[in-house]
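Commentary on secondary and tertiary structure
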Amino acid sequence: MANAPELTPTSSATLGIGPGPHPDIRPFTIGGQVRIDRPFVLAPMSGVTDSAFRRMCGMASTGAVGLYVTEFISIEGLTRANMKSAARLAFDAQIERPLSVQIFGAEIERMANAAQMAEEAGAQLVDINCGCPAPKVVKRGGGAELMRQCDALGRLVERTVQAVKVPVTVKIRSGWSADSINAVQIAKRVEEAGAQMIAVHGRTRLQLYTGEADWGIVADVAANVRVPVVGSGDVTTAEEAIWRMRTPGVAGVMIGRSAIMNPWIFGQIDDLVQGKPQRTVDGAERLRVLRAFAEMAAERMPAHAIPGRLKQVLARMTKGMEFGSLLRERAMRAQTTEAMFDWIERFFVAADAGELESWAVDARGDATQVSVAA
Ligand SMILES: Cc1cc2nc3c(=O)[nH]c(=O)nc-3n(C[C@H](O)[C@H](O)[C@H](O)COP(=O)(O)O)c2cc1C
């Protein structure tokens, strides 16, 4: 999944979405318990949406993330006290609120126990993953395989709902393959079993991340269940997020890959909804947010792992920026966080000063020296 292709932002001009009012943008409530003030959800992304990343989005978007979802956590790992899985339950209750903990697996009692652990850790919601296409997950009966096991999934959800007081939600795909689209059937079954919200990624398991997400299936699901339905797939800009809220019956919109490129996107949506022009993001702000991210990541990660995490975010955040590829090339070679920030800072300072051309000359000079020395 870490290899999912990047998204190319659409031209928002054609959507006709400008600064508010936007009557389609309304709060919604999950299971009569959890109110989602802003219907824009940070999608779960394995290897990406750890607590540091979630907090970075919250910080960049000045608290305008409607709902935070963890990366998926193995029920096997949680119930066998695997340290890595347990660490994924950690979050900052002040910032990451409301928080949904997503769990994956297939065994009924383990799922119920893992949901209790998530609840005890402070999650306001527990989400069951029925969309992960990874072979190692599917082969063991979890993720998207559950879309082929409608009855077993129903029992799994029923038991999990009984086990916890917080609402249980489910995230599904449109089906397993193009000739077995069954999101509506699955959604009805999990609703009957007690699921209180359903998120739909409009692609099949076999599609992985190819093609376009089908928002028609999101509308079909919404037309057939009473619980809130959140759509997921290919939202690239604030305008597009607001536009997707016009999908019939949809209660909310999830944003995944675009939040890696642009963690400010939730704040930009909020700006438009409040009738303001959406915030622009200069180099100083990018630097501030990246530094905060590195610091937050360092709270729970060994120092040697930080450059890798930073590279992942930097690679997406600088995509399409003038001389972004040169920055990436230079920063990616850095071995330490400080050495990376040396490159990042000089780049963003030059960008704000309109001096990227001369920055590039220097950077290329350094690159030549390095390769000559090598
Ligand atoms: C790197 C990556 C990891 C993902 N991990 C998860 C996951 O752990 N759980 C899940 O339900 N979906 C996961 N997804 C799917 C996203 O939540 C989302 O449904 C999908 O990326 C489509 O939305 P987008 O176009 O806004 O990215 C992942 C997607 C990506 C790109």
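From a predicted model like this one, the values you see are computed outputs, not experimental measurements. (Residues numbered from 1 in each chain as written. Predicted model: local features only at pLDDT ≥ 70, side-chain atom pairs only at ≥ 80, totals over all residues. Heavy atoms only, no water.)

Turning to the packing of aromatic side chains, a few remarks are in order. Enumeration over the complete set of coordinates arrives at four aromatic pairs. When the centroid spacing of 5.2 Å and the interplanar angle of 70 degrees are considered together, the rings of F347 and F348 count as edge-to-face. Here the two residues F347 and F348 agree in accessibility, since each one is buried. Three or more aromatic residues joined by ring pairs make a cluster, and in this case those are W343, F347, F348 and W359. Sitting over the ring of F341, R291 keeps its end group 4.7 Å from the ring centre. (Phe/Tyr/Trp six-rings, centres within 6.5 Å; stacked < 30°, edge-to-face > 60°. Buried < 20%, exposed > 50% of the residue type's maximum accessible area, 1.4 Å probe, protein only. Lys NZ or Arg CZ within 6 Å of the ring centre and 35° of its normal.)

Entries for the chain in the domain assignment read domain 1 (12–273) and domain 2 (283–373). Of note, the centres of domain 1 and domain 2, computed from C-alpha atoms alone, are 31 Å apart. Of the residues lining the interface, 17 residues belong to domain 1; the matching set on domain 2 comes to 17 residues. Summed over both partners, the interface of domain 1 with domain 2 buries about 1,500 Å², with 64% contributed by carbon and sulfur atoms. Scanning the region where domain 1 abuts domain 2 turns up six residue pairs in polar contact (both at pLDDT 80 or more). Top element by residues in the side of domain 1 that touches domain 2 is helix α1 (residues 51–60). It accounts for seven residues. The class makeup of the residues in the side of domain 1 that touches domain 2 is 12 nonpolar, two polar and three charged. (Domains from an automatic or database assignment. Contact = heavy atoms within 4.5 Å. Buried area = accessible area lost by both parts, 1.4 Å probe. Polar contact = N/O pair within 3.5 Å; in protein donor to acceptor, adjacent residues only side chain to side chain. Helix = DSSP H or I, 4+ residues; strand = E, 2+ residues; numbered from the N terminus. Nonpolar A, V, L, I, M, F, W, Y, C, P; charged D, E, K, R; others polar.)

Moving on, we get to the pairing of strand β9 (residues 198–204). With respect to burial, β9 is a largely interior element, seven of its seven residues being buried. Taking the sense of rotation as the criterion, the β-α-β connection linking strand β8 (residues 168–175), helix α7 (residues 183–192) and β9 turns out right-handed. As defined by bridge partners, β9 adjoins strand β10 (residues 229–232) across four bridges and the pair is classed as parallel. Considered in β10, the bridge of V200 is made with G231. (Right-handed = clockwise from strand over helix to strand, strands pointing away. Pairing = 2+ DSSP bridges.)

At a closest axis distance of 9 Å, the pairing of helix α4 (residues 108–120) and helix α6 (residues 150–163) adopts a crossing angle of 35 degrees. The element α4 and its partner α6 pack so that their crossing is right-handed. Mapping the contact onto sequence places I108, E109, M111, A112, A115, Q116 and E119 in α4 and R155, L156, R159, T160 and A163 in α6. (Axes fitted to C-alpha atoms, helices over the stretch in contact; angles between N-to-C directions. Left-handed = near helix turned anticlockwise from the far one by under 90°.)

Here we take up the site of the ligand. For the ligand, the set of nearby residues contains 20 residues, the closest of which are P44, S46, Q102, S232 and D234. The separation between an oxygen atom of the ligand and a polar side-chain atom of S232 is 2.7 Å. Within the backbone of G256, an N or O atom sits 2.9 Å from an oxygen atom of the ligand. Coverage of the ligand by the protein amounts to 98% of the 600 Å² it exposes when considered alone. Taken together, the residues that form the shell around the ligand break down as 10 nonpolar, seven polar and three charged. (Near = heavy atom within 4 Å. Areas by Shrake-Rupley, 256 points an atom, 1.4 Å probe, with all protein chains shown as cover.)

To continue, consider the state of the cysteines. Following the criterion strictly, the structure yields zero disulfides and no others. The structure places no disulfide on C130, whose sulfur is separated from the nearest cysteine sulfur, that of C150, by 10 Å. Judged by relative accessible area, which is 0%, C130 ranks as buried. Just so you know, C132 is unpaired, no disulfide at all, and the nearest cysteine sulfur is the one on C130, 11 Å from it. (Disulfide = S-S within 2.5 Å.)

Looking at the element boundaries, H22 is found in the segment before β1 (28–30). For H22, a relative accessible area of 11% gives the class buried. A distance of 3.4 Å separates a polar side-chain atom of H22 from the backbone nitrogen of G20. Setting aside chain neighbours within four positions, we find H22 in contact with I17, I242, L272 and V273.

Glancing now at the environment of L287. Assignment of secondary structure puts L287 in helix α12 (residues 283–300). For L287 and M117, which are 170 residues apart along the polypeptide, the C-alpha to C-alpha distance reads 36 Å. Setting aside residues no more than four positions away along its own chain, L287 makes contact with F341, I344, E345 and F348.

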